[in-house]
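Structural description and commentary
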Amino acid sequence: MELLPTPQSFLEGLTFGESPRWHEGRLWYSDYFRHQVRAASLDGIEEVIVEVPSQPSGLGWLPNGDLLAVSMLDRRVLRFDGSALHLHADLSEIATSHCNDMTTDLQGRAYVGNFGFDLHAGADVTPATVALVHPDGAVEAAADNLQFPNGAVITPDGNTYIVGESFGCQFTAFDVGDNGHLKNRRLWAAVPGMIPDGCCMDAEGGIWFADAVGKAALRVLEGGEITHRVNTELNCYAVMLGGEDRKTLFLVTAPGLHPDEVSGRYQGRIEMVTVEIPGVGFP
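Counting from 1, residues in each chain are numbered in the order their sequence is written. Since the coordinates come from a predicted model, pLDDT governs what is reported: local features require at least 70, and pairs of side-chain atoms require 80 or more to be given and counted, while whole-chain, interface and lining totals use all residues. Computation of side-chain values: all heavy atoms of the structure, hydrogens and water removed.

Regarding empty space enclosed by the protein
- With a 1 Å grid laid over protein atoms only, a set of points is called a cavity when a 1.4 Å probe fits there but cannot get out and a pocket when it is open yet has protein on both sides within 12 Å along at least five of seven lines; lining residues have an atom within 4 Å of a point. Grid points are joined across faces, edges and corners, and a volume is the space filled by probe spheres set on the points. In this structure the tally under the stated criterion is one cavity of 30 Å³ or more.
- Of the voids in this model, the largest cavity is the one considered here, and its volume is about 40 Å³.
- For the largest cavity, the full set of lining residues is Asp101, Met102, Thr103, Tyr111, Val112, Gly113, Val130, Pro149, Asn150, Ala152, Tyr161 and Val163.
- Contributions of two or more residues to the lining of the largest cavity are made by strand S11 (99-104), strand S12 (110-114), strand S15 (149-154) and strand S16 (160-165). Think of it this way: any DSSP run of H or I at least four residues long counts as a helix, any run of E at least two long counts as a strand, and we number them from the N terminus.

Looking at the sheet that holds strand S21 (residues 216-220)
- Here, strands pair whenever DSSP counts at least two bridges between them. Strand order in this open sheet of six strands is S1-S22-S21-S20-S19-S26, and the pairing throughout is mixed. A strand with exactly one partner marks an edge of an open sheet, and here the two such strands are strand S1 (2-3) and strand S26 (279-280).
- Across five bridges, S21 lies against strand S22 (residues 226-231) in antiparallel orientation. Each bridged residue has a counterpart across the sheet, and for Arg219 the counterpart in S22 is His228.

Here we look at the side chain of His23
- By the element assignment, His23 lies in strand S3 (residues 17-23).
- The exposure class of His23 is buried, given its relative accessible area of 19%.
- With sequence-adjacent residues up to four places away left out, His23 is seen in contact with Trp28 and Trp61. The rule is simple: take the accessible area with a 1.4 Å probe, protein chains only, and divide by the maximum for that residue type; under 20% is buried, over 50% is exposed, in between is partly exposed. Throughout, a contact is declared for two residues whenever any of their heavy atoms are within 4.5 Å.

Structure representation (structure tokens):
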């Protein structure tokens with residue numbers, strides 16, 4: 001396993017960052033407790049894109065360019081058309097706790113995970129169902145019995161969906177069938193002792209993922225081989241490959257996960273380190 005250099009600072013002063021996305025030459029991300037979606041250019045100049053009162057998380061885009069944002073606490077997906085927020089999908093019939101990460105494909109279909117249980121109250125782990133949101137906002141269950149479905153990727157050809165099960169310590173793959181339906185469930189990689197969180201894919205089929213308990217991001221191949229690691233000072237909760245050549249690994253870090261640890265303290269960061277293999281696929 002190759003250990004990468006210590007990452008450099010890109011942005012500081014976040015409360016709790018989530019769902020970094022490289023889109024149109026900028027890094028977009030959600031900041032939970034500022035209730036904002038933001039975008040930053042490589043020179044660090046930031047723009048507040050939209051306020052999401054019920055806490056933003058996963059981000060994606062429709063084919064027409066409208067932004068989709070998960071609204072965690074009310075279990076919705078919102079659509080921002082550049083001037084106003086609109087309800088895109090209500091996930092309350094499927095999500096059994098806070099909605100979380102989301103991955104969208106080229107057609108504008110979105111796969112949205114949820115906690116499954118009250119994580120912050122220390123409730124027992126309960127399996128959750130990933131929701132499939134169609135481009136018109138129609139909602140259906142995509143895959144059930146997942147142990148905290150979190151960060152996910154869709155391969156560049158659109159044929160495979162791979163989701164990290166944080167409390168299953170593994171990545172689970174599905175074939176993407178007609179109309180976005182998931183089938184042929186299988187283990188893609190076990191990562192024992194790790195809590196896979198936000199993730200992204202590179203051009204050689206590796207998945208970079210944040211280990212939410214290990215203060216690190218790691219690159220794993222199908223089958224479970226860990227090839228690279230980068231250590232972080234704070235806990236690492238999400239990653240994204242971006243930059244002009246998609247070889248900059250952005251790492252979203254924070255002192256902790258519980259709202260009492262991070263809300264209003266502005267100690268979160270986004271850091272960066274250069275890798276050899278560029279990012280591909282979705283998100």
